[in-house]
Amino acid sequence: MPRRSKKPRRLIVDGLAYLWTLRHSHRVLDGGRSADCRETLTLYPQPAGTGGPLCIVFAEGPGRYVGGFPMGSGDVGYVRGGSLNLHEPGAVRALLDAASARGWQPGAPQSVEVDGWPLLEAAAAQAGDAGPEGP
């Protein structure tokens, strides 16, 4: 039975629990083409009220791609560089670790939005080292 893509998933890291979601958004141009594609990965510290969410945003741009046709859903990466599938728990864990290494604190009360591109290479290296079992 396939899982519901809109339902938050659970991730446990160093004894802390998070719910996470992935959303794709874009504008639709005349003729049906899409523009300004973005993937937004949001992690919610649990239990609710123990910290504000972390939103990691990947916006399309020169030399980089964001999931959707013809790429796979959740795929983000550099045309000549690292890439991640944001549906994979190991990729989410690696991005969380990279954001934490850059100063994000899970107990901060406010919501934080960060550009995912500066996190991608380190996260892709970590997720790649994890192997099929994940971190």
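Residues numbered from 1 in each chain as written. Predicted model: local features only at pLDDT ≥ 70, side-chain atom pairs only at ≥ 80, totals over all residues. Heavy atoms only, no water.

**Things to note about the confidence of the model for the chain**
Keep in mind that low pLDDT regions are not for reading the predicted coordinates in detail.
Here is step 1 of the chain: Mean pLDDT for the chain: 85, with 82% of residues reaching 70 or above.
Here is step 2 of the chain: The low-confidence segment residues 130–135, where pLDDT is below 50, has three contacts with residues more than four positions distant or belonging to other chains. (pLDDT = per-residue confidence, 0-100. Contact = heavy atoms within 4.5 Å.)

**Examining the nonpolar core**
Here is step 1 of the chain: Counting 28 residues, the largest nonpolar core has Leu41, Leu43, Ile56, Phe58, Leu84, Leu95 and Leu96 as the members making the most contacts within it.
Here is step 2 of the chain: Where this core is concerned, the elements lending two or more residues are β1 (9–13), β2 (16–28), β3 (34–46), β4 (54–59), α1 (89–101) and α2 (117–130).
Here is step 3 of the chain: The biggest single contributor to this core is α1, with seven residues.
Here is step 4 of the chain: Not counting the four nearest positions on each side in its chain, Leu41 is found in contact with Trp20, Thr21, Leu22, Leu54, Cys55, Ile56, Val92 and Leu95. (Core = buried A, V, L, I, M, F, W, Y, C linked by side-chain atoms within 4.5 Å. Buried < 20%, exposed > 50% of the residue type's maximum accessible area, 1.4 Å probe, protein only. Helix = DSSP H or I, 4+ residues; strand = E, 2+ residues; numbered from the N terminus.)

**Things to note about the pattern of salt bridges**
Here is step 1 of the chain: In the structure shown here, the tally under the stated rule is one salt bridge.
Here is step 2 of the chain: A salt bridge links Arg93 to Asp97; its shortest N-O distance comes to 3.0 Å. Placement of both Arg93 and Asp97 in helix α1 is noted, with a separation of four residues, approximately one turn of the helix.
Here is step 3 of the chain: Judged by its relative accessible area of 23%, Asp97 is partly exposed. (Salt bridge = Lys/Arg side-chain N within 4 Å of Asp/Glu carboxyl O.)

**Quick look at α1**
Here is step 1 of the chain: With 13 residues, α1 ought to run about 18 Å at 1.5 Å a step, and its terminal C-alpha atoms sit 18 Å apart, in line with that.
Here is step 2 of the chain: For α1, the complete set of buried residues consists of Gly90, Ala91, Val92, Arg93, Ala94, Leu95, Leu96, Ala98 and Ala99.
Here is step 3 of the chain: Backbone geometry just after α1 places Gly103 at a positive phi near 110°. (Expected span 1.5 Å × (residues − 1).)

**Focus: the side chain of Thr40**
Here is step 1 of the chain: Mapped onto the secondary structure, Thr40 falls in strand β3.
Here is step 2 of the chain: Looking at Thr40, the relative accessible area reads 16%, which means it is buried.

**Notes on the sheet that holds strand β6 (residues 75–78)**
Here is step 1 of the chain: Ordered by their spatial adjacency, three strands build an open sheet running β5-β6-β7, and the pairing between neighbours is antiparallel. Every other strand in the sheet has two partners, leaving β5 (64–66) and β7 (83–85) as the edge strands with one partner each. Pairwise comparison of adjacent strand axes, ignoring direction, gives a mean angle of 5° for this sheet.
Here is step 2 of the chain: As paired strands, β5 and β6 are joined by three bridges and run antiparallel to one another. The residue bridging Val66 from the neighbouring strand is Val76, located in β6. (Pairing = 2+ DSSP bridges. Axes fitted to C-alpha atoms, helices over the stretch in contact; angles between N-to-C directions.)

**Remarks on the packing of aromatic side chains**
The geometry of an aromatic ring pair comes down to the distance between the two centres and the angle between the two planes.
Here is step 1 of the chain: A full pass over the atoms with the stated rule returns three aromatic pairs.
Here is step 2 of the chain: On the numbers, 5.2 Å between centres and 55° between planes, the contact of Tyr78 with Trp117 is tilted. Of this pair, Tyr78 sits in strand β6 while Trp117 sits in helix α2, placing them 39 residues apart in sequence.
Here is step 3 of the chain: Its relative accessible area of 3% is what places Trp117 among the buried residues. (Phe/Tyr/Trp six-rings, centres within 6.5 Å; stacked < 30°, edge-to-face > 60°.)

**Observations concerning unusual backbone geometry**
Here is step 1 of the chain: Residue Pro47 follows Gln46 across a cis peptide bond; omega there is -5°.
Here is step 2 of the chain: Inspection of the secondary structure puts Pro47 in the loop between β3 and β4.
Here is step 3 of the chain: Although it is not a glycine, Asp14 sits at a positive phi angle of roughly 50°.
Here is step 4 of the chain: Secondary-structure assignment places Asp14 in the loop between β1 and β2.

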